[in-house]
Amino acid sequence: MILLGLETSCDDTGIGIVDDTRAIRANIVASQLQAHQIYGGVVPEIAARAHLDVIDGALNAALQEAGLGLGDIDGIAATTGPGLIGGVMVGSMMGKAIAAVRGLPFIAVNHLEAHALTPRLTDNVAFPYLLLLASGGHCQLLLVRGVGDYHLLGRTMDDAVGECFDKCAKILGLGYPGGPLVEQAAKNGNPQAFALPRPMLGRAGCDFSFSGLKTAVRTIAQDAVVKNGELTPAFVSDMAASLQQAIADSVADRAAHAFDMLDMPVTAFVAAGGVAANQVLCARLRRVAAQQGVAFAAPPPKLCTDNGVMVAWAGLERMRLGLIDTLNIGARPRWPLEEIRKA
Ligand code: KG4
Ligand code: ZN
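Owing to the predicted nature of the structure, the values given are computational and were not obtained by experimental measurement.

As a further point, take the site of ligand 1. By nearness alone, 20 residues border ligand 1, and Gly-136, Asp-166, Gly-179, Glu-183 and Gly-274 come closest of all. At 3.1 Å, a side-chain N or O of His-115 approaches an oxygen atom of ligand 1. A distance of 2.9 Å separates an oxygen atom of ligand 1 from a polar backbone atom of Gly-179. Notes on ligand 1: free accessible area 550 Å², of which the protein chains cover 90%.

This next bit is on the coordination of the zinc ion (ligand 2). For the zinc ion (ligand 2), the protein coordination sphere consists of His-111 (NE2), His-115 (NE2) and Asp-306 (OD), at 2.0 to 2.1 Å. Sequence positions of the residues that donate to the zinc ion (ligand 2) give the spacing H-x3-H-x190-D. In this pair, His-115 is assigned in helix α4 (residues 111–123) and Asp-306 in the loop between α10 (301–304) and α11 (308–320), connecting sequence segments 191 residues apart. Summarising the burial analysis for this pair, His-115 and Asp-306 share the class buried.

A separate point is the sheet that holds strand β5 (residues 106–110). Ordered by their spatial adjacency, 5 strands build an open sheet running β3-β2-β1-β4-β5, and the pairing between neighbours is mixed. Each end of this open sheet is capped by a strand with a single partner; those strands are β3 (24–31) and β5. Sheet twist, expressed as the mean angle between neighbouring strand axes with direction ignored, is 20 degrees. Bridge analysis of strand β4 (residues 75–81) against β5 gives 5 bridges, and the strand direction is parallel. Bridged to Thr-79 within β5 is Val-109. Helix α3 (residues 85–102) contacts β1 (2–7), β4 and β5 of the sheet and is inclined by roughly 155 degrees relative to β4.

Okay, the sheet that holds strand β8 (residues 149–155) next. Strand order in the open sheet made by the 5 strands is β8-β7-β6-β9-β10, with mixed pairing throughout. The sheet is open, and its two borders are formed by β8 and β10 (295–297), each paired with just one other strand. Pairwise comparison of adjacent strand axes, ignoring direction, gives a mean angle of 20 degrees for this sheet. Sheet analysis places strand β6 (residues 129–134) next to strand β7 (residues 139–146), joined by 6 bridges and oriented antiparallel. Following the sheet pairing, Ala-134 is matched in β7 by Cys-139.

The next point concerns the environment of Ser-135. Assignment of secondary structure puts Ser-135 in the loop between β6 and β7. For the pair Ser-135 and His-115, spaced 20 residues apart in the sequence, the C-alpha separation amounts to 9.3 Å. Not counting chain neighbours up to four residues away, the residues in contact with Ser-135 comprise Ala-160, Val-161, Gly-162, Glu-163, Gly-273, Gly-274 and Val-275. Polar side-chain contacts of Ser-135 include one of 3.4 Å to the backbone nitrogen of Gly-137.

What follows concerns the packing of aromatic side chains. Centre distance and the angle of the planes are the two values used to describe a pair of aromatic rings. Across all of its chains, the model carries 5 aromatic pairs by this definition. Centroid distance Phe-259 to Phe-269: 5.7 Å. Interplanar angle 80 degrees. Geometry classified as edge-to-face. Here the residue Phe-259 occupies a position in helix α8 (residues 233–261), and Phe-269 occupies one in strand β9 (residues 268–272), the gap between them amounting to 10 residues. Both residues of the pair, Phe-259 and Phe-269, count as buried. Taken together, Phe-259, Phe-269 and Phe-296 form an aromatic cluster joined through their ring pairs.

Analysis parameters
Numbering of residues begins from 1 in every chain and follows the order in which that chain's sequence is written. To read the labels, note that chains go from A and ligands from 1, taken in the order they are written. Selection of residues for local features in this predicted model requires a pLDDT of at least 70, selection of side-chain atom pairs for listing and counting requires 80 or more, and totals for whole chains, interfaces and linings are taken over all residues. For side-chain calculations, the full set of non-hydrogen atoms in the structure is used, while hydrogens and water are omitted. If a single non-hydrogen atom of a residue is within 4 Å of a molecule or strand, that residue counts as near it. Throughout this description, a polar contact denotes any pair of N or O atoms lying within 3.5 Å of each other; where both atoms belong to protein, one of them has to be capable of donating a hydrogen while the other can accept it, and for residues adjacent in sequence the pair is counted only when both atoms sit in side chains. Here, Shrake-Rupley sampling with a 1.4 Å probe gives the accessible areas, and only protein chains in the shown set may cover a residue. The rule for donors is simple: N, O or S, within 2.8 Å of the metal, or within 3.2 Å if the metal is Na, K or Ca. Water isn't counted, so a site may look like it is missing partners. In DSSP terms, a helix is any run of H or I states spanning at least four residues, a strand is any run of E spanning at least two, and both are numbered starting from the N terminus. Summary of the burial criterion: residues with accessible area below 20% of their type's maximum are buried, those above 50% are exposed, and those between are partly exposed, where the area comes from a 1.4 Å probe applied to protein chains only. If DSSP finds at least two bridges between two strands, the strands pair. Angles shown run from 0 to 180 degrees and are taken between the N-to-C directions of axes, each axis being a line fitted to C-alpha atoms and, for helices, limited to the stretch in contact. What makes two residues a contact is simply this: any of their non-hydrogen atoms within 4.5 Å. Centre distance within 6.5 Å is the pairing criterion for rings of Phe, Tyr and Trp, where only the six-membered ring of Trp is used; planes under 30 degrees apart are then read as stacked, over 60 as edge-to-face, and the remainder as tilted.

Any functional reading would require information that these geometric values do not contain.
Right, here's the structure in full:
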C-alpha cells in the first residue's frame, strides 16, 4: 500500500510518499520562510497563495523522487485542519482533485494526528504511548491509545511552547522561526546566566504556561538595552541557553506529572511536533522516560517540523482501518484531537 500525503496547513508545502513497510519514498518540503521572514511571522494570505504557486511542482518532484506515477498510488491523504484555512484548502482541494480523477480513496488527516503518529513510522512505537505534542500552535500531553483514540492529559493555558521560542527569538533579534535559531545561539551560551522562572513547576496536573517566561525574557532584555544600548552577542547566547534550559525543565516536570496521571502502562514516551526537533529538550525528556522505565522516541528533526510524509503515514494508518472520507469533507481551522472520527 502506497500513500501520497499533502501538508499545507501553515508555511510549508509538504508532499510525502510512504508505504506500508514504513519506507519513506519521497519527502519534498517547499518552505515559504523567506516570504514571511520580513513580517516576523506567518502571514495567512501570503501562505495560501504561496502554497498554490508551488504545490504542483512539489507534487511532481515527489513523484520523481519516488520513481512513481500517480497510477502507483493507493490513496491520497491531505491535511484538512487544524491550521490556516486558506492553505488547508489548497492542499485538501488538490488531494480531492487527484482522488476524484484517479478514483482513489481520500483520507482527511488532522494535522495534530499526523504529528502524533509519526513516531510509529520512524520508531515503530506500539500503542499505548504518552505523547508530548509541541509545536508553534500546540502544546499538549496526551495518552495515545490507538489511531484516532487520544486522551488529553494537559495543555497550555496561554502560549504554545514553539510560540514561546518564536516570541523570545524575536525579542532577542534572532529572526523567525525562533526555535532552531535559539537552539543554535544557545550553543555558545551559559544556561545558568539568567535565573528565569520555571512555569508551573511542581503544580498538580500537567498543564503548561509560557507567557510568564516570555515576559521575564522581555524585561531582562529591555533592561540590558537600557544599560548597554544594545543586546550583545554574549547576552543573546546566554539568554537563549537560559531560556532553552527553563523550557526543558518546565516541560520535563509536566511530563513527569503526566506519567503520574496515567491509568495504564505505556510502551514509550514520545515527543512530536516542530519543538521536538530541539536536541536539548529531547535529551531532558529522554531522562524523564528513563526514570519511568520506558523508551523515549522523537522523529528526526526534518520529520518533526511540518512535512507531507507524516500526513501520508497518518493516511496509511487510517486507510488500513477502513477510515476513508468522502470528497465533501470540509476544511477545519480548529480541530482538537479528541474530536477525530474513529470509525
Ligand atoms: O510543527 P511545526 O513545524 O508547525 C506547527 O504545526 O506549528 O512547528 C513549528 C514550531 C515553531 O514554533 C518553531 O520555532 C519550532 O517548532 N521549532 C523548534 C525547533 N525547530 C522548530 N523549537 C525549538 N527547537 C528547535 N530546534
Ligand atoms: Zn505542525
